[in-house]
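Listed here are the chains, written in short residue letters.
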Amino acid sequence: MTASHILFLIGGYFVLLLLISYFTGKNDSNEDFFKAGKQSPWYLVAFGMVGASLSGVTFISVPGWVEASQFSYMQVVFGYFLGYLITAYVLLPIYYKQNVTSIYEYLDDRFGLVSYKVGAISFFVSRVLGAAFRLFLVAIVLQQFVFDAWNVPFEVTVTLSILLIWIYTFRGGIKTIVWTDTLQTLFMLISVGLSIYFILHELDWSFGEFLASSELEEYSKVWVTDDFFAKNNMVKSFLGGMFVTICMTGLDQDMMQKNLTCRNLKDAQKNMVSFSIVLVAVTFVFMLLGALLFIYADANNISLPMMDGKPKSDLLFPEIALNNELGIVVAVTFMLGLIAAAYSSADSALTSLTTSFCVDFLGTGKKTEAVAKRTRQYTHVGMSLLLILVVISFKYILDRNVIDGLLTVASYTYGPLLGLFSFGIFTKYTVKDKYVWLVALLSVLIIVALAKIPAEILGGYIFGYELLPLNGLLTFIGLWLIRNKNTKT
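Calculation rules
Residues numbered from 1 in each chain as written. Predicted model: local features only at pLDDT ≥ 70, side-chain atom pairs only at ≥ 80, totals over all residues. Heavy atoms only, no water. Patch = residues over 30% accessible without salt bridge, like charges linked within 9 Å, V, L, I, M, F, W, Y side chains within 5 Å. Areas by Shrake-Rupley, 256 points an atom, 1.4 Å probe, with all protein chains shown as cover. Salt bridge = Lys/Arg side-chain N within 4 Å of Asp/Glu carboxyl O. Lys, Arg positive; Asp, Glu negative; His and termini not counted. Charge placed at Lys NZ, Arg CZ, Asp CG, Glu CD. Helix = DSSP H or I, 4+ residues; strand = E, 2+ residues; numbered from the N terminus. Buried < 20%, exposed > 50% of the residue type's maximum accessible area, 1.4 Å probe, protein only. Axes fitted to C-alpha atoms, helices over the stretch in contact; angles between N-to-C directions. Parallel < 35°, antiparallel > 145°, perpendicular 65-115°, else oblique. Contact = heavy atoms within 4.5 Å. Nonpolar A, V, L, I, M, F, W, Y, C, P; charged D, E, K, R; others polar.

Trainee: Please set out a negative patch on the surface residue by residue, giving values where relevant.
Mentor: Together, Glu67, Glu215, Glu217, Glu218 and Asp298 make up a negatively charged patch on the protein surface. Structurally, Glu215 can be placed in helix 10 (residues 214-217). Taking relative accessible area as the criterion, Glu215 reaches 32% and is therefore assigned partly exposed.

Trainee: So what about the pattern of salt bridges? Which residues, and what values?
Mentor: For the coordinates displayed, the defined rule picks out 3 salt bridges. Arg127 serves as the salt-bridge partner of Asp252, at 2.7 Å between the closest nitrogen and oxygen. On the criterion of sequence distance, the pair formed by Asp252 in the loop between helix 11 (234-250) and helix 12 (253-259) and Arg127 in helix 6 (residues 113-145) is long-range, its members being 125 residues apart. One exposure class covers both Asp252 and Arg127, and it is buried. With a closest N to O distance of 3.8 Å, Glu466 and Lys236 form a salt bridge. Pair noted here: Glu466 is in the loop between helix 19 (436-451) and helix 20 (467-481) and Lys236 is in helix 11, with a separation of 230 residues, a long-range link.

Trainee: Please set out the packing of helix 1 (residues 3-24) against helix 7 (residues 154-169) residue by residue, giving values where relevant.
Mentor: One way to put it is that helix 1 packs onto helix 7 with a least axis distance of 8 Å and a crossing angle of 25°. Classified by the angle between their axes, helix 1 and helix 7 sit roughly parallel to one another. Mapping the contact onto sequence places Phe14, Leu17, Leu18 and Ser21 in helix 1 and Leu164, Ile167 and Tyr168 in helix 7. A per-class count over the contact of helix 1 with helix 7 returns 6 nonpolar, 1 polar and no charged.

Written out as structure tokens, the structure reads:
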């Protein structure tokens, strides 16, 4: 598949997205941009959230991580499932009861303005970095397999990618996202299914033979129970996954904004539960695909692709799909799946960043409709430019598997949110609001310091995703220390 063919495919795909945007964005109001008029069918939101949650990170990085981690990532995914249930039955009722546009408005009501801003800033930093991780992944694939052939700089690739997202989201916002995410999830699942089918055909295996093969057994270890000090120990991974989900879904404006477009709380909960079941199953299929890719690569003497002089496991899937003898169907569906997976998370991230900045920092809810609309449009442009700068910077500073990097960053940035919401929900105390920013900052700095302690000093113990709940716990303790002892809500 040539670079010209890939570019033509991308162009056709975005024409389809623009058509959806045209019909969903006719009512260019802030109410539709932020909440879709609260008319989204729950099953549509649930299906679309699968693609948004998996994103390009799961589509490429999870299969590419299988050789290094085998199936141990499933320990984290099982933790995700419990986290989704907690989100559905603890957090969603609070958001619907208060009828919030930005979920961080809860912190303003519960503690005060400084807590509200700390929560909003924590989300803002987290989502900018998270969206940039996802966009970076698709950008390096496009660069490697399309734009390098035309000597187009990486910076131009990134700019064009984000410009396309801005074009189809600037009017319809979350209302457009709900529908485009559904289409993108469908493309992504079709791509994975067809890739598995054609690779099995090349290896002359049935799916049952693949599952029973000794080759798969070499990659399929799920549970790590023999070494508690290991980063991917079962207990640490499960609890880390649970808290990652609570934070990156339940305390994240991006994911919750879609849930808040459902007609009522009951529909939003049905969406969350059904989505979580499907997500676990789909992630396991991605792990199977990863094992299959490495088995196929070994059988055909395919080396890991190089980027900047280093082997890059994230690029194995595109290398096999685009540059080997699997046929045009696999190449086309891979590109559609990649674009769909990457942009289904990036477009909603851009929309949620715009929403949070407008509501939480610029106070558009207190402005006239005309002023608020104009503010939203300028903010949408500003968020796009910010993402461009951050994604480009990742090329020069990122030195790890993307999904590992994403979860590590979450340990730092989502901790204050976890602590703030936990203290608000599980205690009745108010706090000295003006000191909350200091508590959050100290908590993050302590976690960063802990993560940098050499394993030898800790007797071989390696910190993993448990840093996130530990960060939340430190924030909780800090809030307890600055509570108003004689004043309760």
